[in-house]
Amino acid sequence: MQEDNYRHKGMRRIMVEELRNKGIKDENVLTAINNVPRHVFLDSSFLEFAYQDKAFPIGSGQTISHPYTVAFQSSLLDIKKNMKVLEIGTGSGYQACVLAEMGAKVFSIERQRKLYMKTKALLSELNSRIKTFLGDGNKGLPTYGPFDRILITAAAPEIPQTLIEQLKVGGMIVIPLCENEDHQTMLRLTKQEDGSLLREEYGDFKFVPMLKGLGED
Ligand code: SAH
């Protein structure tokens, strides 16, 4: 695994200030981002870019989300210690680590086998307690639910009802919902006692698509 030296830590502090200037206010999120070494989730050839607010390729045609997007989704989730959080789209594992750093018990599903294997190995090197699963996130994890929070980190064509069923009453799901091919609207849905959803909208974002079934590699 790549080391985390003073230079990396310095670059991270600057990135955190940049996120603060872009409007991220949740100190728990900013502290977690300051603590998680983003560069270890990228190939070493991207080291120079790890602390810029950019998305980068992580293999299997996927990308690690922008730091701003990770910070924004993490803020919307309003994580409290020991909450059970389900993430759809493990990818590099970076977002999952930020949530775990905030004290969440994280369960994360990835549909691309190679990415799943690579990230599982990295998370174990990091001594992480995140539980990773290879599968179709549309199905959730019925045996591990219900969850306090669900986070979708890919562009969803619709609100997946199966995931809503795995959400606790009072629980929230954050989901970038496709408006068209180009961009998605960030939604936060809170499950009410009668099962209905309170809907809040938080602007446009761009994610790779949430697909069905397992990936080809
Ligand atoms: N959270 C990731 C972002 C990865 S990009 C990170 O921090 O790096 C989105 C990921 O969602 C991709 O890895 C993609 O393969 C995965 N994905 C897309 N559809 C999925 C599905 N139905 N189930 C599980 N993962 C899915």
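In this convention, every chain numbers its residues from 1, walking through the sequence in written order. Owing to the predicted nature of the model, reporting of local features is limited to residues with pLDDT of at least 70; listing and counting of side-chain atom pairs is limited to 80 or more, with chain, interface and lining totals taken over all residues. Side-chain measures here rest on the full set of heavy atoms in the structure, leaving out hydrogens and waters.

Asker: It is not clear to me how the site of the ligand should be interpreted in this structure. Could you clarify?
Answerer: If even one non-hydrogen atom of a residue comes within 4 Å of a molecule or strand, that residue is called near it. Every one of the 27 residues lining the ligand counts as a neighbour, but E87, S92, E110, G137 and L211 are closest to it. As used in this structure description, the phrase polar contact means that two N or O atoms lie within 3.5 Å; if the pair is within protein, one of them must be able to donate a hydrogen and the other to accept it, and residues adjacent in sequence are counted only when both atoms belong to side chains. Contact between the ligand and Q95: an oxygen atom at 3.1 Å from a main-chain N or O atom of the residue. Within the contact set of the ligand, a nitrogen atom lies 2.6 Å away from a backbone nitrogen or oxygen of L211. Method for areas: the Shrake-Rupley scheme with a 1.4 Å probe, in which residue coverage is limited to the protein chains shown. Taken by itself the ligand offers 580 Å² of open surface, and the protein chains cover 99% of this. Helix and strand assignments come from DSSP, with helices taken as H or I runs of at least 4 residues and strands as E runs of at least 2, each series counted from the N terminus. Put simply, the parts of the chain that give the shell around the ligand at least two residues each are β2 (62–64), β3 (84–88), α4 (94–101) and β4 (105–110). For the shell around the ligand, the element with the most residues is β2, which contributes three residues. Polarity classes work like this: nonpolar for Ala, Val, Leu, Ile, Met, Phe, Trp, Tyr, Cys and Pro, charged for Asp, Glu, Lys and Arg, and polar for all others, with Gly in that last group. When the residues that make up the shell around the ligand are grouped by side-chain class, the tally is ten nonpolar, 13 polar and four charged.

Asker: What's the story with helix α3 (residues 67–77) in this structure? I'm lost.
Answerer: What sets the pattern is the α-helix's 3.6 residues per turn: residues three or four places apart point alike. Across the eleven residues that make up α3, a large majority, nine, are buried. The buried label goes to any residue with under 20% of its type's maximum accessible area, the exposed label to any with over 50%, and the partly exposed label to all in between, with areas taken from a 1.4 Å probe on protein chains only. Among all positions of α3, only P67, T69, V70, A71, F72, Q73, S74, L76 and L77 are buried. Positioned one or two residues after α3, D78 has a phi angle of 50 degrees, which is positive.

Asker: Would you mind going over the pairing of strand β8 (residues 184–191) with me for this structure?
Answerer: Regular strands show a simple pattern: their side chains alternate between the two faces of the sheet. Across the eight residues that make up β8, a large majority, eight, are buried. When DSSP locates at least two bridges between a pair of strands, those strands are taken to pair. Connecting strand β7 (residues 167–178) to the next strand, β8, in antiparallel fashion are five residues. The pairing of β8 with strand β9 (residues 197–205) spans seven bridges and is antiparallel. The partner of T185 across the bridge, within β9, is D204. The loop that links β8 with its antiparallel partner β9 comprises five residues; one of these, G195, has a positive phi angle of about 90 degrees.

Asker: In this structure, what is going on with the nonpolar core? I would like to understand it.
Answerer: Most often, soluble globular proteins have nonpolar side chains that are buried together. As used in this record, nonpolar core signifies buried Ala, Val, Leu, Ile, Met, Phe, Trp, Tyr and Cys residues forming a set joined through side-chain atoms within 4.5 Å. Within the largest apolar cluster, 44 residues are counted, with the highest numbers of intra-cluster contacts made by I33, F41, Y94, V98 and L99. For this core, the secondary-structure elements that each account for two or more residues are α1 (6–21), α2 (27–35), β1 (56–59), α3, α4 and α5 (113–125). Ranked by size, the runner-up nonpolar core spans 20 residues in total, among them I109, F133, L163 and L177.

The analysis is restricted to geometry; functional conclusions fall outside its scope.
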